[in-house]
Amino acid sequence: VGFGGKGFWSTAGSFEEYGEAFGPGDVIGSYLHLAEGKGVSTVSFSKNGKMFASKPLPPHMKGAVLFPAILLQGGPGGGASLT
């Protein structure tokens, strides 16, 4: 599950419009809500404090051990950084 700089949600090799595009200076938040019992676990993202819609955790990830990861990609002459 991911949220790309052009404003797309990605999961299992597919992409759909989600949230807003982002770039240098923006603060991106990622959120995972793990529900108990028969509840629905969700994933969501934010940009500069603005929350975007929650989406259900993909079925293939339910019950899996999950580790947060961040992928940074820089363009020509640019870069990406964490602060």
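Note: the structure precedes this text.
These numbers come from a predicted model, not from an experiment. (Residues numbered from 1 in each chain as written. Predicted model: local features only at pLDDT ≥ 70, side-chain atom pairs only at ≥ 80, totals over all residues. Heavy atoms only, no water.)

Draft legend 1. Representation of the overall build of the chain. Along its length, the chain carries zero helices and seven strands. Reading the chain from its N end, one meets helices and strands in the order β-β-β-β-β-β-β. Across the 83 residues in the chain, those meeting the buried criterion constitute 24%. Looking at the chain alone, contacts between residues at least 24 apart form 27% of all its contacts between residues at least 6 apart. Accessible surface computed for the chain: about 6,200 Å², of which carbon and sulfur atoms make up 57%. (Helix = DSSP H or I, 4+ residues; strand = E, 2+ residues; numbered from the N terminus. Buried < 20%, exposed > 50% of the residue type's maximum accessible area, 1.4 Å probe, protein only. Contact = heavy atoms within 4.5 Å. Areas by Shrake-Rupley, 256 points an atom, 1.4 Å probe, with all protein chains shown as cover.)

Draft legend 2. Inspection of the nonpolar core at higher detail. Phe3, Trp9, Tyr18, Val43, Phe45, Phe52, Leu57 and Met61 form the largest nonpolar core, which has eight residues in total. Apart from residues no more than four positions distant in its own chain, phenylalanine 52 is found in contact with Phe3, Tyr18, Gly19, Glu20, Ser44, Phe45, Ser46 and Lys47. (Core = buried A, V, L, I, M, F, W, Y, C linked by side-chain atoms within 4.5 Å.)

Draft legend 3. Region of interest: the environment of methionine 51. Locating methionine 51 in the fold gives a position in strand 6 (residues 50-51). On a C-alpha basis, the gap between methionine 51 and glycine 29 in space is 8.5 Å, while along the polypeptide they are 22 residues apart. When near neighbours in sequence (up to four residues on either side) are disregarded, methionine 51 contacts Tyr31, Ser44, Phe45 and Ser46.

Draft legend 4. Seen up close, the pairing of strand 3 (residues 14-17). Bridging between strand 2 (residues 8-11) and strand 3 involves four bridges; their strand directions are antiparallel. Along strand 3, the bridge assignment pairs threonine 11 with serine 14. Hairpin connection between strand 2 and strand 3: a loop of two residues separates the two successive antiparallel strands, and alanine 12 in this loop has a positive phi of roughly 50°. (Pairing = 2+ DSSP bridges.)

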